[in-house]
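# Chains, contacts and geometry: an overview
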Amino acid sequence: MDDGRKTSGDGGNAVPETPADFIREIILEHNRSGRFGGRVHTRFPPEPNGYLHIGHAKSICLNFGIARDFSGKCNLRFDDTNPSREETEYVDSIINDVRWLGFDWEDRLFYASDYFENLYRFAEQLVMSGKAYVCDLTAEQVKEYRGTLTEPGRNSPWRDRTAEENLDLFRRMRAGEFPDGSRTLRAKIDMASPNLNMRDPVIYRILRASHHRTGDKWCIYPMYDFAHPISDSLEGITHSICTLEFEDHRPLYDWFLEELGIHHSQQIEFARLNLTHTVMSKRKFLELVNDGLVRGWDDPRMPTLAGMRRRGYPPAAIRAFAERVGVAKRDSVVDIALLEHCVREDLNRTAPRAMAVLRPVRLVIENYPPGMTEEFDFVVNPEDPSAGTRRIPFSGVLYIERDDFMESPPPKFFRLSPGREVRLRYAYLVTCTDVVKDPATGEVVEIRCIYDPATRGGDAPDGRRVKATLHWVSALHCVPAEVRLYEHLFSVPFPGSTEGRSWKEDINPSSLEVLSGCMVERHLASSEPGAAWQFERLGYFCADSADSRPGAPVFNRTVTLRDEWAKIARSAPKDGGN
RNA sequence: UGGGGCGUCGUCAAACUGGUAAGACGCAGGACUUUGGAUCCUGUUUUGGAGGUUCGAGUCCUCCCGCCCCAGCCA
């Protein structure tokens, strides 16, 4: 019994490689019944009028993933039937994004505009068989004649022209004899249909606009409802997967293919992805960018693939996320924490560790021999022994995180405070002896410690334990860096859901915090843009692809590490400390 | 008050022809720990509502309630 699906074949009970969602279920059924001869061919059909976002990623992973699971194929096809809103800039970015996500369409890159001539001929065919007519109603009138949700529409007065007249008119439409908007070609279906899409939908409009691929060759352009099923048919698509709002269009999709008598793929609809703490529409992205609320389409806070790439999200993490959210027909909003979990899961396995101090404060080891430096072994990635170790320089003057010291620590604060001993990661145990403050502001400017030379490497020979291990950087061996800390773009899970508040008012005022004067290990100064690092105890970071320079590194925080202390501090607010 | 969809844990999401509610994230505890990281344990749900059929219903029937989509010469 081969249903065409790859399995992890472990002998007797073949287990499907991927969890079955309802779409794969349908495909399995088609394979059993032989509807498409066991063939599986999908497509990802973006309109090149915007940048791809995480919602598209779900669709990309679904379409290419199904092709992979069923040993089929998946095409990349630009749905470019509307010349007035599409640009090559977008096709380039989309191609780049899909490739970055990790998918390959081989030689199957198509454009709906590749089929304009074919599409036109199919339209003529419909005209000749009396299934389409040229209508002279204005846009306004078409709307009036359409009726409403509860009332049927009325037939266009031009509905009963002869096939000959329609053919003549349609050819003249193509020839450019009529002004924009003056006529349309409409499918002749049923003006009383309860499904508005079936009320003689427009299938060609007159539109003098230069197309990004066909230039000025055409002055009439097909509508989505007409172009899409035929494009699918021409490419031999077996499963045309789209989002829920097209469910009402399926009867029309089927009608064209039926009337034309050509290969009939199965349209299947699924629920688009929604994420908490963000927005997901082209319109809102545009507003964010135009209003200067973010720094561009690739702002690391944006849920665009370009933004997530710049932020440091690994494509594999996005793929894992797409798989975990599943596929169903129910409208849903996925917690952004799941996406972040997938990012951490991936980066924990792959990112080399490094030391970086974001809010530095000097720590001086009083009994460390003046002028001495030494080196310690640093484990590159504890999750990946093959990554080995490297040497990290140490001296008597260091920087540690300001947050890692408290003069009067609250109960569960285990880090440094006067009299307390902690470990400097991979180096020594140190005990705080004194603290130097700015007399004017009272701010701690220097922490004084003594170290125990016997604890070289971080372990005490007498077996005594410390409750905290701090990261540090040697003042002599570090370089300053700018670090950009990102939080959710919106401070509420559902932007715009509060009565009397616009979605833009829900923007998180601290979604971006820029830190300068951070101190990082010297080798990070030449970090390759986009390459992931884990700054120990802080999170995952990568050099910014746009602004980082070899001598002046700029890092983006991709995502924080999970932080128990932050939770404790949050739930037991303000009692000691400073 | 037309049509098309959808309602299972806080959030996603499984459950073959009805057979006695997976898993993941989150959250809460705990173990371990030279990252308060990672890892590992434990806990957290009875299916929108009301009836009905049945030995047995998330799965079947009836009625009700709620949410989403559709009146672009956009996709």
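Here the structure is a predicted model, which is why all the values come from computation and not from measurement.

### So, the protein's contact with RNA strand B
Looking at RNA strand B, there are 65 residues lining it, with Arg330, Arg353, Phe414, Gly457 and Glu564 nearest. For RNA strand B, the fraction of atoms within 4 Å of the protein that belong to sugar or phosphate moieties is 65%. A distance of 2.3 Å separates a base oxygen of RNA strand B from a polar side-chain atom of arginine 353. In the model, a base nitrogen of RNA strand B is placed 2.6 Å from a nitrogen or oxygen of the lysine 412 main chain. Listed by contribution, the elements that provide at least two residues to the surface near RNA strand B are α5 (139-146), β6 (202-206), α11 (315-325), α12 (336-350) and α13 (564-571).

### Considering unusual backbone geometry
For residues that are not glycine, phi is negative in most cases, and the peptide bond is trans in most cases. A positive phi angle, close to 50°, is found at glutamate 106, a residue other than glycine. Following the sequence through the fold, glutamate 106 ends up in the loop between α3 (88-101) and β3 (109-111). Exposure remark for glutamate 106: the relative accessible area of 53% places this residue in the exposed category. Phi angles above zero are rare outside glycine, and aspartate 200 is one such case at about 45°. Inspection of the secondary structure assignment puts aspartate 200 in the loop between β5 (184-187) and β6. Judged by its relative accessible area of 1%, aspartate 200 falls in the buried class.

### Considerations on the nonpolar core
If you look at the biggest cluster of nonpolar residues, it comprises 40 residues, and the most contacted ones within it are Ile54, Val98 and Ile318. Elements supplying a minimum of two residues to this core: α2 (54-69), β2 (73-78), α3, α10 (305-311), α11 and α12. Each residue touching isoleucine 54, except ones within four places of it in the same chain, is listed here: Leu273, Leu275, Met280, Pro303, Leu305, Met308, Ile318 and Phe321. Ranked by size, the runner-up nonpolar core spans 34 residues in total, among them Leu119, Met173, Tyr221 and Leu252.

### What to know about the state of the cysteines
Taken as a whole and assessed by the stated rule, the structure comprises zero disulfides. Unpaired in terms of disulfides, cysteine 478 finds its nearest cysteine sulfur in cysteine 518, a separation of 11 Å. For cysteine 478, a relative accessible area of 11% corresponds to the buried category.

### Side note on the domain arrangement of chain A
Domain boundaries in chain A define domain 1 (122-223), domain 2 (282-352 + 482-570) and domain 3 (356-471). Each of domain 1 and domain 3 has a C-alpha centre, and the two are 76 Å apart.

### Here we look at the side chain of threonine 184
Topologically, threonine 184 is positioned in strand β5. Exposure remark for threonine 184: the relative accessible area of 12% places this residue in the buried category. Apart from the residues lying within four places of it in its own chain, the contact partners of threonine 184 are Tyr133, Val134, Cys135, Met173, Val202 and Tyr204.

### Thoughts on the sheet that holds strand β10 (residues 353-354)
With mixed pairing, the seven strands of this open sheet are ordered in space as β10-β23-β24-β25-β21-β22-β11. In the strand order of this sheet, the two ends are held by β10 and β11 (356-357), each with one partner. Bridge analysis of strand β24 (residues 539-543) against strand β25 (residues 554-560) gives five bridges, and the strand direction is antiparallel. Its bridge partner being in β25, tyrosine 540 is matched across the sheet by valine 559.

### Focus on the packing of aromatic side chains
Tallied over the entire structure, the rule returns 27 aromatic pairs. Ring centres 4.3 Å apart and planes at 15° place the aromatic pair phenylalanine 535 and phenylalanine 541 in the stacked group. Pair check on accessibility: phenylalanine 535 and phenylalanine 541 agree, each one buried. Within the aromatic cluster, the residues linked to one another by ring pairs are Phe116, Tyr120, Phe170, Tyr204, Trp218, Tyr221, Phe226, Trp255 and Phe256. Over the face of the ring belonging to tyrosine 120 we find arginine 174, whose NZ or CZ atom lies 4.5 Å from the ring centre. Between arginine 390 and the ring centre of phenylalanine 378, over which it is positioned, the NZ or CZ distance is 4.3 Å.

### A look at the pairing of β24
In terms of residue burial, β24 counts as a mostly covered element, since five of its five residues are buried. A loop of three residues connects strand β23 (residues 532-535) with β24, the two strands running antiparallel in sequence, and arginine 537 in this loop sits at a positive phi of about 70°.

### Concerning the sheet that holds β5
Taken together, four strands build an open sheet; the order of strands is β4-β5-β6-β7 and the sheet is antiparallel. The open sheet has two edge strands with one neighbour each: β4 (132-135) and β7 (220-222). Each adjacent strand pair in this sheet contributes to an overall mean axis angle of 20°, direction not counted. In the sheet, β4 pairs with β5 via four bridges, with the strands oriented antiparallel.

### Comments concerning the pairing of β23
In this structure, β10 lies alongside β23, joined through two bridges in parallel fashion. Following the sheet pairing, alanine 354 is matched in β23 by phenylalanine 535.

### Some words on the pattern of salt bridges
Should their charged atoms come close, side chains of opposite charge can pair. Using the criterion set out here, one finds 57 salt bridges in the structure. Of the charged contacts in the structure, one is a salt bridge between glutamate 124 and arginine 171, with a shortest N-O distance of 2.9 Å. Here arginine 171 lies in helix α6 (residues 163-175) and glutamate 124 lies in helix α4 (residues 116-128), a separation of 47 residues in the sequence. Relative accessible area serves as the criterion here: at 10%, glutamate 124 is assigned to the buried category. With a shortest N-O distance of 2.7 Å, glutamate 421 and arginine 464 are connected by a salt bridge. Here glutamate 421, found in strand β16 (residues 421-424), pairs with arginine 464, found in the loop between β18 (444-451) and β19 (469-470); they are 43 residues apart in sequence, far enough to count as distant. Salt bridges linked by common partners bring Asp298, Arg310, Glu482, Arg484, Asp544 and Asp547 together as one network.

Parameters and conventions
- Residues numbered from 1 in each chain as written.
- Chains lettered and ligands numbered in written order.
- Predicted model: local features only at pLDDT ≥ 70, side-chain atom pairs only at ≥ 80, totals over all residues.
- Heavy atoms only, no water.
- Near = heavy atom within 4 Å.
- Polar contact = N/O pair within 3.5 Å; in protein donor to acceptor, adjacent residues only side chain to side chain.
- Helix = DSSP H or I, 4+ residues; strand = E, 2+ residues; numbered from the N terminus.
- Buried < 20%, exposed > 50% of the residue type's maximum accessible area, 1.4 Å probe, protein only.
- Core = buried A, V, L, I, M, F, W, Y, C linked by side-chain atoms within 4.5 Å.
- Contact = heavy atoms within 4.5 Å.
- Disulfide = S-S within 2.5 Å.
- Domains from an automatic or database assignment.
- Pairing = 2+ DSSP bridges.
- Phe/Tyr/Trp six-rings, centres within 6.5 Å; stacked < 30°, edge-to-face > 60°.
- Lys NZ or Arg CZ within 6 Å of the ring centre and 35° of its normal.
- Axes fitted to C-alpha atoms, helices over the stretch in contact; angles between N-to-C directions.
- Salt bridge = Lys/Arg side-chain N within 4 Å of Asp/Glu carboxyl O.

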